[in-house]
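# Architecture at a glance
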Amino acid sequence: MRFSTGTRVAALASVWLSFTSALPGLGHDNDDVITRDVAIIGGGASGTYAAIRLRELGRSVALIEQRDELGGHTHTYYDAAAPIDYGVWIYTNNTDMERFFAHFNIPLVAEILNGDPAYTRRYDFRTGEAVAALGGNIIDALTRYVGILLQHPYLAGGFDLPDPVPEDLLLSFGDLIEKYDLGAAVDMITQFDQGFAENILDYPSIYILKYLDLAVIQGIQFGFSRPASRANQDLYKAAEAELGEDALLGSTVARIQRQDDKGTSAHHKDTNAHHKGTSAHHIVVDTPSGKQRIIANKVIVAIPPLLENLDGFDLDDRESDIFSRFQYSSYYGSVVNVTGLPRQLQIFNKATDTPYHVADLPGTFTFNPTAVEGIHTGFFGGGAGSLPEDQARQGIIDNLLALRNAGYPVSEPEIIALRSHTPFGLHVSAEEIAGGFYRDLYGLQGYRGMYYTGAAFHAHNSAELWEFTERVLQEHVLVD
Ligand SMILES: Cc1cc2nc3c(=O)[nH]c(=O)nc-3n(C[C@H](O)[C@H](O)[C@H](O)COP(=O)(O)OP(=O)(O)OC[C@H]3O[C@@H](n4cnc5c(N)ncnc54)[C@H](O)[C@@H]3O)c2cc1C
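These numbers come from a predicted model, not from an experiment. (Residues numbered from 1 in each chain as written. Predicted model: local features only at pLDDT ≥ 70, side-chain atom pairs only at ≥ 80, totals over all residues. Heavy atoms only, no water.)

## Quick look at helix 10 (residues 233-243)
Inspection of helix 10 places Gln233, Leu235, Tyr236, Ala239 and Leu243 among the buried residues, and these make up the whole buried set. For helix 10, the buried positions fall inside an angular range of 150 degrees around the axis, keeping them on one side. Immediately downstream of helix 10, the backbone of Gly244 shows phi near 55 degrees, a positive value. (Buried < 20%, exposed > 50% of the residue type's maximum accessible area, 1.4 Å probe, protein only. Helix = DSSP H or I, 4+ residues; strand = E, 2+ residues; numbered from the N terminus. Arc of directions from axis to C-beta.)

Printed below as a string of C-alpha cells:
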C-alpha cells in the first residue's frame with residue numbers, strides 16, 4: 001500500500017471512519033481504508049492506461065474494475081494451437097501506444113491488412129444469397145471522404161467541436177454519402193464501422209467520421225500495430241501483474257461522496273462541518289471480499305457514462321441531465337468451432353434489399369478466419385439498447401447455417417466463447433450535438449473533482465484513447 005502523504009492519510013482515515021459510522025448502509029465489514037492520489041473506475045483500455053501512467057508519474061492509484069480481469073473490449077481466446085483475439089485486434093500508430101507496450105516490454109509487429117477482394121465475400125446472412133460489391137470508383141470516393149476529414153482536423157482529438165457545429169457533421173450518413181458521392185466507399189466504411197445500433201445510414205455523420213478516421217485510414221494504407229504474440233490480452237495481464245492489489249477486480253462502486261469545488265462534501269455540506277477543508281472523495285467499493293473504503297484526491301471515470309452505470313456516484317442535476325441523453329448499441333464477439341468455411345475468407349453480412357446493401361441488423365457483421373483451422377470469430381450486434389445474450393448466440397448460429405445456402409458445407413456451429421461489449425457506441429442525436437451536447441459533456445472535465453476518459457469522450461479506438469487519456473492526465477488531473 002503506498003500513500004501520497006503519510007500524515008494526511010492518518011487524519012483523513014480517522015475522519016472517514018467517523019464519517020462512515022454516521023451513515024446508513026455503508027457497513028463495517030472491512031475497516032481497512034486505503035488512500036490514493038487517484039481512484040480510477042473502469043479497467044478497460046483508458047482506465048488501465050491511466051493507472052499505469054499515473055504510477056509511472058509517481059502517483060498512487062486504485063483501479064476499480066467490475067470484471068475479474070482488466071482489458072474491457074479486449075478478449076483473447078488462448079487456444080492450444082494459437083491465441084485468438086476476438087475483441088480488440090489491431091492498433092493505430094501513435095507514440096502513447098508505443099510507449100504503453102514498451103512499458104511492459106511487449107514487442108509490436110506491423111499488421112498489414114490484406115485488401116485483396118479475392119479474400120472477401122458478401123452474403124445476405126438471412127438467406128445466404130450472394131450480394132454483389134458496390135460499383136463505382138472506390139479510390140475516388142475514399143479520396144472525397146478523406147477530404148471531408150481534412151476539413152475537420154479537430155475530430156482527431158475528440159469532440160471539441162466548433163460552434164456552430166458544421167452542418168456536414170450533423171447530416172445523416174446517408175445524406176453525406178449523397179452529398180459527396182461516397183457510395184462506392186460504403187462497403188469499405190461499413191467493414192470498419194461495426195457495432196452501430198441501427199441503420200448506419202441514419203447516424204449523424206460525425207460518428208462515422210470519428211470511427212473510420214485518418215489514423216485508421218493510415219493504418220489501412222501503411223499498416224497497424226499488434227503484439228508479436230498475437231494476444232492482446234497479454235497487455236492487460238502485464239498491467240494486472242504490475243498493479244497487484246491496486247487493481248480491485250470483480251469490484252464496483254457502491255457509493256461515492258464527492259467534494260465540491262470548495263473542498264466540502266457536496267452531499268453533506270451542512271451536516272458535516274468537520275469535513276470542510278479536506279479535498280478527498282470517499283468511495284465505498286463492493287469487492288469479492290467485502291466493502292473496501294478508498295480515500296482519493298481525484299476520481300477518473302473510465303466506464304461508459306450511462307446513468308445506470310453511475311448509480312451511487314453522487315451526481316448532481318447538471319451531470320445527470322447530460323449523461324441521461326446517451327443512447328447505445330449492443331455488440332457481441334464470439335469464437336466459433338465450425339468447419340466448411342474457406343480458410344482464407346473474411347465473410348461480410350450485406351443485405352440484398354437495402355440502400356448500399358448495408359446489413360440488416362441485428363445480425364452478425366462478419367465471420368473471420370483465425371490462425372486455427374476450424375475456428376472462426378463472429379461479431380454480432382446492431383440492436384439499440386441491450387440485446388440478450390441468447391439472441392446473439394442464436395443469431396450467430398443461424399447466420400452461419402444460412403451460409404449453407406451459399407454452397408459452403410457448414411458444420412453444426414459450436415460457440416466456444418462469447419463476450420458482450422454492450423453498452424457500445426454511446427451517441428446522441430444530431431439535434432443534441434447541434435445544441436452543444438459535447439461542449440456540455442466536456443465541461444464536466446474536473447467538475448466536482450471528477451475526470452473523464454473513454455470511448456464516449458473520444459472514439460472506439462484504443463490507441464487514440466491512450467493519447468486522449470494522456471491529455472486528460474497532463475491537462476487536467478495532474479494540474480488541477
Ligand atoms: C469487438 C470489438 C473489437 C474492437 N476492435 C478494436 C481494434 O481492433 N482496435 C482498436 O483500437 N479498438 C477496437 N475496439 C474499440 C476499442 O477497443 C474500445 O472502444 C476501447 O476498448 C474502449 O475503451 P474504454 O476505456 O472506453 O472502455 P472499455 O474498454 O469498455 O472499458 C470499460 C471498463 O469498465 C468496466 N466497467 C463498466 N462499468 C463499470 C462499473 N460500473 N464499475 C466498474 N467497472 C465498470 C468494464 O468492465 C470495462 O472493463 C473494438 C471494440 C470491440 C467491441
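Having seen it, we continue.
## Notes on unusual backbone geometry
What you tend to see is this: most non-glycine residues have negative phi, and most peptide bonds are trans. Cis geometry marks the peptide bond from Asp163 to Pro164; its omega dihedral reads 0 degrees. The phi torsion at Asn105 lies on the positive side, around 55 degrees, for a residue other than glycine. Among the structural elements, Asn105 can be located in the loop between helix 3 (95-103) and strand 5 (108-111). Exposure remark for Asn105: the relative accessible area of 68% places this residue in the exposed category. Unusually for a residue other than glycine, Arg230 sits at a positive phi of about 60 degrees. Structurally, Arg230 is set in the loop between strand 8 (224-227) and helix 10.

## Observations concerning the site of the ligand
For the ligand, the set of nearby residues contains 30 residues, the closest of which are Glu65, Trp89, Ile90, Ala455 and His460. In this structure, an oxygen atom belonging to the ligand sits 2.4 Å away from a side-chain N or O atom of His460. Between the ligand and the protein, one listed contact pairs an oxygen atom with a backbone N or O atom of Ser462 at 2.8 Å. The set of elements that each furnish at least two residues to the shell around the ligand consists of helix 2 (45-56) and helix 15 (462-477). Class assignment for the residues of the shell around the ligand results in twelve nonpolar, 16 polar and two charged. Taken together, domain 1 (6-72 + 234-321 + 430-477) and domain 2 (76-114 + 223-231 + 327-425) each give at least three residues to the shell around the ligand, which thus spans both. (Near = heavy atom within 4 Å. Polar contact = N/O pair within 3.5 Å; in protein donor to acceptor, adjacent residues only side chain to side chain. Nonpolar A, V, L, I, M, F, W, Y, C, P; charged D, E, K, R; others polar. Domains from an automatic or database assignment.)

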